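Structure at a glance
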Amino acid sequence: MPDSAQPLTPATQPTLFIPHGGGPCFFMDWSLMGEPADTWDKTADWLKNLAATLPERPKAIIVISGHWEEAVFTAATAPQPEMIFDYYGFPKHTYELSYPAPGSTELANRIVQLLTEAGIAAKTDAKRGFDHGVFIPFLLAFPDADIPVVPLSLKRNLDPAEHMAAGKALKSLRDEGVLIIGSGMSYHNMHAFRTPSATAPSKAFDDWLTASLAQDDPTVRSDALNRWADGPAARNAHPREEHLLPLMIAAGAGDDDKGARIFSDVVMQATVSAFRFG
């Protein structure tokens, strides 16, 4: 007999682009970094309530972090991914954080299959674990660590059209209850953070991005994302775009679903936002 508590047909999951913050920011006193202690509290609270906004508990999660780039799209097959502490100079206890969610070799292989069938080169990686763009926000959003999580890399060329195409190739997984999350930052200028030079440019780019994603015509949306660098203050917002490109995969997987800004805050004098498709 089927489990009556589990729907026979999973609900279609949305796709998301979330801010993962700065290093282990949600798990330390941020005043140690010279900022107010509550700098990241609003983002942390939003992440803690994220799962409640989903149609149902995801069967699995694909996460694209701005901290993993490969020559071709690469899916991690490790059944028990290890932590990758790719941040530096933070308190000792932040290097003892653990997120013991399982991986899924089956889903990773399926990702590669779908990409390959779409004519997109892809491979697997048996060793890749969870970098801080994964485990830091997921410790808040999915704290039970009981949902399989498969990291998927960016492609090193950071071509927006290729990343949107990769997302589109994976869109069918949403109907199988798989949640696709791009984990990055809508603003990521490490030299401008904490200065007034971030304030107006970050808002200008964020407003443009929000309006572009909300366009009804998916062709207009994809054209705007493909030309994101022509947006207002774009290169102030992203001197290098690796933290923006996870959004392109989320948008591609969103396909005909237009995007909506679902969270925004001003952090270290810059506007930082999250988006949802579907």
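Every chain begins its residue count from 1, and numbering advances along the sequence as written. The predicted origin of the model limits local features to residues at a pLDDT of at least 70 and limits the giving and counting of side-chain atom pairs to 80 or more, whereas totals for whole chains, interfaces and linings rest on all residues. As a convention, hydrogens and water are excluded, and side-chain values are obtained from all of the structure's heavy atoms.

Concerning the layout of surface pockets
- Cavity means a closed set of points on a 1 Å grid over the protein atoms alone, one where a 1.4 Å probe fits but cannot get out, pocket means an open set with protein on both sides within 12 Å along at least 5 of 7 lines, and lining means a residue has an atom within 4 Å of a point. Grid points are joined across faces, edges and corners, and a volume is the space filled by probe spheres set on the points. In this model, the largest pocket occupies a volume close to 380 Å³.
- Throughout, the ten residues Ala, Val, Leu, Ile, Met, Phe, Trp, Tyr, Cys and Pro are labelled nonpolar, Asp, Glu, Lys and Arg are labelled charged, and all others, Gly among them, are labelled polar. Here the lining of the largest pocket is built from residues that sort into 10 nonpolar, eight polar and two charged.
- The space that makes up the second largest pocket amounts to roughly 260 Å³.
- Considering the residues around the second largest pocket, the lining is formed by 15 residues, among which Met164, Pro218, Ser222, Ala251 and Gly252 are closest to the centre.
- Of all elements in the fold, only α4 (160-169), α6 (218-226) and α8 (245-254) reach the threshold of two or more residues within the lining of the second largest pocket.
- Examining the composition of the lining of the second largest pocket, we find that six residues originate from one element, α6, more than from any other.
- Looking at the lining of the second largest pocket, its residues break down into seven nonpolar, four polar and four charged. The way it works is that DSSP assigns letters per residue, a run of H or I at least four long becomes a helix, a run of E at least two long becomes a strand, and they are numbered from the N terminus.

Remarks on unusual backbone geometry
- Phi at Leu158 is positive, roughly 55°, even though this residue is not glycine.
- Mapping Leu158 onto the fold places it in the loop between β5 (149-155) and α4.
- Each residue is assigned to one of three classes by its accessible area relative to the maximum for its type, calculated with a 1.4 Å probe on protein chains only: buried under 20%, partly exposed between the two thresholds, exposed over 50%. What makes Leu158 buried here is its relative accessible area of 6%.
- Of note in the backbone geometry, Ala233 takes a positive phi value of approximately 60° without being a glycine.

Observations regarding the packing of aromatic side chains
- Only the six-membered ring of Trp is used, alongside the rings of Phe and Tyr, when aromatic pairs are assigned; centres must lie within 6.5 Å, and planes under 30 degrees apart are stacked while those over 60 apart are edge-to-face, with the rest tilted. Per the counting criterion, the structure on display carries 16 aromatic pairs.
- Centre to centre, the rings of Trp46 and Phe263 are 5.0 Å apart; their planes meet at 25°, and the pair counts as stacked. Highlighted residues: Trp46 in helix α1 (residues 41-48) and Phe263 in strand β7 (residues 259-267), separated in sequence by 217 residues.
- Trp46 gets classed as buried once you look at its relative accessible area, which sits at 14%.
- One aromatic cluster is present, formed by Phe26, Trp30, Trp40, Phe85, Tyr87, Phe90, Tyr95 and Phe135 through successive ring pairs.

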